[in-house]
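# Remarks on the overall topology
For reference, the chains in residue letters:
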Amino acid sequence: MSNGFNKIIRDGLWDNNPGLVQLLGLCPLLAVTGTLINGLGLGIATTLVMVASNLTVSLIRNLVRSEVRIAVFVLIIASFVTAVELAMQAYFYDLYKVLGIFIPLIVTNCSIIGRAEAYASKNTPLNAAVDGLFMGLGFTGVLVVLGAMRELVGMGTILAQAHIMFGEAARNITLELSATHEGFLLAILPPGAFIGLGLIIAAKNIIDRRMTAREALTTTQTATSQA
Amino acid sequence: MPFINTSSPHQQNQSSVPDLMRKVLLALIPGALACLYYFGFGVLVNIVIASATALASETIMLNLRHYPVRRYLTDYSALVTAILLALALPATVPWWLTVIATSFAIVIAKQLYGGLGYNPFNPAMIGYVVALIAFPQQMTQWPVPQPGGALGLLDVLLLQLTGTLSDPAILDAVTSATPMDQIKTGIGLNRTIGEISTGALFGTVAGRGWELVNLLFLLGGLWLLWKKVINWQIPVAVLSALFFWSWMFNLYDGDLYSSPFFHLFSGGTMLCAFFIATDPVTASTTHWGRLIYGMGIGILTFIIRNWGGYPDGIAFAVILMNMAVPTIDYYTQPRVFGHQDED
């Protein structure tokens, strides 16, 4: 059982990451990562929707005829997105205003319906919920890293506007690189998002290749020592 | 007696990449000297910094990609990119801006796409656009063109390397918007072209200094044509499209739209038509394709100059048409001799 969860967790966070490997949901990924906080906000909202929709889809998987399943999935996802949107409007109004249209657009995020179709509709509720959680966290991770990169290069800060998420007390946790940093505006603009995501994917591929090489090395070493 | 039996083609083009690039560099010299004469030593500083950055970043990238460094460095393509970019940058930009723009051009626009021959976009123009979008303030301040340059060598070095001047008050006196920029602002203030063109920055048909710079780039370009380094289609198409549309609009309302000669001899028109748009890697390669590609650049340049947000649209026009090149080439393949159209 624990082995099964390990694989789900590893898939969501790394091996089958929605942002880096499946390349799904790129529209919000590229559009809202101007700052770390924006990325984190949208990531958490997406994760919540993904857990809830995966769980629900898995619970009703034997009741829905396959001809109408996509429409049902969309309906479920749309309901949860509306709930999350209203909750954000109530408790994080500033963040809600900054993210704007991209919160309702979570409905169209391909990675959510992708998980519902490819995983939740074929697996038990517990597995589906865990899968939703870690796929969501994997997506959030990419949003946060990309947001931090773009914010650092484009504005010279990290965690700017933290108060819109963590409340007034967090107003001062913004780290400023230097007061005279002019900022490389391109990083904040759309090209910066594409280039940044490309660099992150390249970095992941390098790490993967190194790990495969190391594993191959250890396997051969064990093989020779045994021989 | 045995006959030497070789297959076609019997007449071969002896040119190689280094040879072509050397000719391009030679042809740039007169225009570059005119730039140096009017805009001062900053042009030279830009060229030196850009060339050094380009060679350094090319070396690093070739090493990372395990390519033979010497062979690819001595094809001069990085140097041509650097010098075209340096000539496009204002002669007062700080050194780090040149470094960022050039390394972006070489590392991202050229090497990450696969190096010379594989880059879909003109690297020099990508570098220019990156600088223009990221640092609009530094990129729209040009030195006032005046013989010998408005600033002395010492002041230029101070300004570009440290960002200060011996007397900060001079900066406003020696830099200004380009003539094209002034026309754009002037039109916004409801003045006519005739009124704006009486300003000190304007010469016979276009900006003072800019006319001669463009004329000399034109001469260099004609030499390249004569040497068969470039084809006639692209420059002719760029210039005639730009001329035709600016002429039509000028006839329609001469107070609102500049004369066609102003467009031909302003900004980077000639540099673009002969040196940038003709880049063999990123331009179209068929006869009709080259004409369409060139006309596209001419029309887009005219549109962006008149109604766009940036003063000179050349870089954007070139990049937009670079994007269209695969489609243009696909639809303009010449019919193979002896084959019929399929209908």
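Values in this document were obtained by computation on a predicted structure and should not be read as measured data.

### Focus: the overall build of chain B
Per the secondary structure count, chain B includes 17 helices and two strands. Relative to its length of 343 residues, chain B is compact, with a C-alpha radius of gyration of 21 Å against a globular reference of 20 Å. Seen through its principal axes, chain B has C-alpha atoms that stretch 80 × 50 × 35 Å. Excluding contacts between residues fewer than 6 apart, the proportion of contacts in chain B whose partners are at least 24 apart in sequence is 76%.

### A look at the overall build of chain A
Looking only at helices and strands, chain A features nine helices and two strands. In chain A, the order of α-helices and β-strands from amino to carboxyl end is α-α-α-α-α-α-α-β-α-β-α. Along the three orthogonal principal directions, the C-alpha set of chain A runs to about 60 × 55 × 30 Å. Per-residue burial over chain A gives 41% buried out of 227 residues. Restricting to contacts in chain A with at least 6 residues of sequence separation, those with at least 24 account for 78%. With the model as given, the accessible surface of chain A reaches about 11,800 Å², and the carbon-plus-sulfur share is 67%. Of the charged side chains in chain A, 14 are positive and 13 negative; the average position of the first set lies 9 Å away from that of the second.

### Describing the pattern of salt bridges
Scanning all chains against the criterion turns up eight salt bridges over all chains. Where Arg10(A) meets Asp15(A), a salt bridge forms, and the shortest distance between an N and an O atom there is 3.0 Å.

### Some details on unusual backbone geometry
Residue and element names in this part refer to chain B. In the Ramachandran plot, His66 falls in the positive-phi region, its phi being about 55° despite a non-glycine side chain. According to the relative accessible area criterion, His66 is exposed, its value standing at 72%. One non-glycine residue, Lys228, lies in positive phi territory at about 60°. Mapped onto the elements, Lys228 comes out in the loop between α12 (210-226) and α13 (233-252). Judged by its relative accessible area of 72%, Lys228 is exposed.

### Brief notes about empty space enclosed by the protein
Residues and elements named next belong to chain B. Within the structure shown, the criterion is met by two cavities of 30 Å³ or more. Of the voids in this model, the largest cavity is the one considered here, and its volume is about 490 Å³. Taken together, 35 residues form the lining of the largest cavity, with Ala88, Trp142, Trp210, Gly267 and Gly268 sitting closest to its centre. Going through the elements one at a time, α1 (17-39), α2 (42-64), α4 (77-88), α6 (123-134), α10 (179-188), α12, α15 (269-276) and α17 (314-331) are the ones with two or more residues in the lining of the largest cavity. Residues belonging to the lining of the largest cavity are distributed by class as follows: 25 nonpolar, eight polar and two charged. Its boundaries defined by the atoms lining it, the second largest cavity holds a volume of some 50 Å³. Taken together, Phe39, Gly42, Ala91, Thr92, Pro143, Ala150, Leu151, Val156, Leu159 and Gln160 make up the lining of the second largest cavity.

### Description of the packing of aromatic side chains
If you walk through the whole model with that rule in mind, you get 20 aromatic pairs over all chains. Over the aromatic face of Tyr67(B) sits the side chain of Arg65(B), whose NZ or CZ is 4.4 Å from the ring centroid.

### Considerations on the nonpolar core
Ranked by size, the top nonpolar core spans 94 residues in total, and within it Leu87(B), Phe275(B) and Tyr293(B) carry the most contacts. Residue-level mapping places this core at the junction of two domains, with at least three residues from each of domain 1 (16-172) and domain 2 (177-331) of chain B. Residues within four places of Leu87(B) in sequence aside, it is in contact with Leu28(B), Ala32(B), Cys35(B), Val43(B), Ile47(B), Trp142(B), Phe217(B) and Leu271(B). Of all hydrophobic cores here, the second largest spans 34 residues; its members include Val32(A), Val84(A), Ala162(A) and Ile164(A).

### Some points on the interface of chain B and chain A
The interface is formed by nine residues belonging to chain B together with seven residues belonging to chain A. Buried area between chain B and chain A, both sides added, is near 660 Å², and the carbon and sulfur share of it is 80%. Our enumeration of links across chain B and chain A arrives at zero salt bridges. The interface formed by chain B and chain A holds zero residue pairs in polar contact (both at pLDDT 80 or more) in total. Breaking the side of chain B that touches chain A down by element, the ones donating at least two residues are α5 (95-111) and α6 of chain B. In terms of residue count, α5(B) provides more of the side of chain B that touches chain A than any other element does, four residues in total. Looking at the side of chain B that touches chain A residue by residue, the class counts come to eight nonpolar, one polar and no charged.

### A word on the layout of surface pockets
The volume enclosed by the largest pocket comes to roughly 980 Å³. Lining the largest pocket are 27 residues, and of these Ile195(A), Ile108(B), Ala109(B), Leu112(B) and Tyr113(B) sit closest to its centre. Of all elements in the fold, only α9 (190-226) of chain A together with α2, α5, α6 and α17 of chain B reach the threshold of two or more residues within the lining of the largest pocket. For the lining of the largest pocket, the element with the highest residue contribution is α9(A), accounting for ten residues. The residue makeup of the lining of the largest pocket, split by class, is 23 nonpolar, three polar and one charged.

### Examining the environment of Leu55(B)
All names here are of chain B. Take Leu55: it is sitting in helix α2. Remark: the alpha-carbon pair of Leu55 and Thr102, spanning 47 residues in sequence, is separated by 9.8 Å. When sequence neighbours within four positions are dropped, the list of residues in contact with Leu55 reads Leu73 and Leu79.

### Brief notes about a nonpolar patch on the surface
Residues and elements named next belong to chain B. Among the surface-exposed residues, Phe41, Leu44, Val48, Trp95, Leu153, Leu157 and Leu161 lie close enough to one another that they form a single nonpolar patch of about 610 Å² accessible area. Counting only elements with at least two residues in the nonpolar patch, the list comes to α2 and α8 (153-162). Take the nonpolar patch: its biggest share by element is three residues, from α8. Here Trp95 is to be found in helix α5.

### Here we look at the packing of helix α4 (residues 69-91) of chain A against helix α6 (residues 110-118) of chain A
Residues and elements named next belong to chain A. Two elements in contact, α4 and α6, have axes whose closest approach is 10 Å; the angle formed by their N-to-C orientations is 130°. With respect to α6, the axis of α4 lies oblique. For the element pair α4 and α6, the recorded crossing hand is right-handed. From α4, Arg69, Ile70, Phe73, Val74 and Ile77 reach across to α6, where they touch Ile112, Ile113, Ala116 and Glu117. Partitioned by chemical class, the residues of the contact of α4 with α6 number seven nonpolar, no polar and two charged.

### Focus: the domain arrangement of chain B
All names here are of chain B. Domain assignment breaks chain B into domain 1 (16-172) and domain 2 (177-331). For domain 1 versus domain 2, the distance between C-alpha centres works out to 21 Å. On the side of domain 2, 30 residues touch domain 1, which itself brings 33 residues to the contact. Both faces considered, domain 1 and domain 2 share a buried interface measuring about 2,800 Å² in area, 81% of it formed by carbon and sulfur atoms. The tally of links between domain 1 and domain 2 comes to zero salt bridges. Put simply, domain 1 and domain 2 have three residue pairs in polar contact (both at pLDDT 80 or more) between them. Counting residues per element, the ones that place at least two in the side of domain 1 that touches domain 2 are α1, α4 and α6.

Definitions and limits used
Residues numbered from 1 in each chain as written. Chains lettered and ligands numbered in written order. Predicted model: local features only at pLDDT ≥ 70, side-chain atom pairs only at ≥ 80, totals over all residues. Heavy atoms only, no water. Helix = DSSP H or I, 4+ residues; strand = E, 2+ residues; numbered from the N terminus. Rg over C-alpha atoms; globule rule 2.2 N^0.38 Å. Contact = heavy atoms within 4.5 Å. Buried < 20%, exposed > 50% of the residue type's maximum accessible area, 1.4 Å probe, protein only. Areas by Shrake-Rupley, 256 points an atom, 1.4 Å probe, with all protein chains shown as cover. Lys, Arg positive; Asp, Glu negative; His and termini not counted. Charge placed at Lys NZ, Arg CZ, Asp CG, Glu CD. Salt bridge = Lys/Arg side-chain N within 4 Å of Asp/Glu carboxyl O. 1 Å grid on protein atoms, 1.4 Å probe; cavity = no way out; pocket = protein on both sides within 12 Å on 5 of 7 lines; lining within 4 Å. Points joined across faces, edges and corners; volume = space filled by probe spheres on them. Nonpolar A, V, L, I, M, F, W, Y, C, P; charged D, E, K, R; others polar. Phe/Tyr/Trp six-rings, centres within 6.5 Å; stacked < 30°, edge-to-face > 60°. Lys NZ or Arg CZ within 6 Å of the ring centre and 35° of its normal. Core = buried A, V, L, I, M, F, W, Y, C linked by side-chain atoms within 4.5 Å. Domains from an automatic or database assignment. Buried area = accessible area lost by both parts, 1.4 Å probe. Polar contact = N/O pair within 3.5 Å; in protein donor to acceptor, adjacent residues only side chain to side chain. Patch = residues over 30% accessible without salt bridge, like charges linked within 9 Å, V, L, I, M, F, W, Y side chains within 5 Å. Axes fitted to C-alpha atoms, helices over the stretch in contact; angles between N-to-C directions. Parallel < 35°, antiparallel > 145°, perpendicular 65-115°, else oblique. Left-handed = near helix turned anticlockwise from the far one by under 90°.

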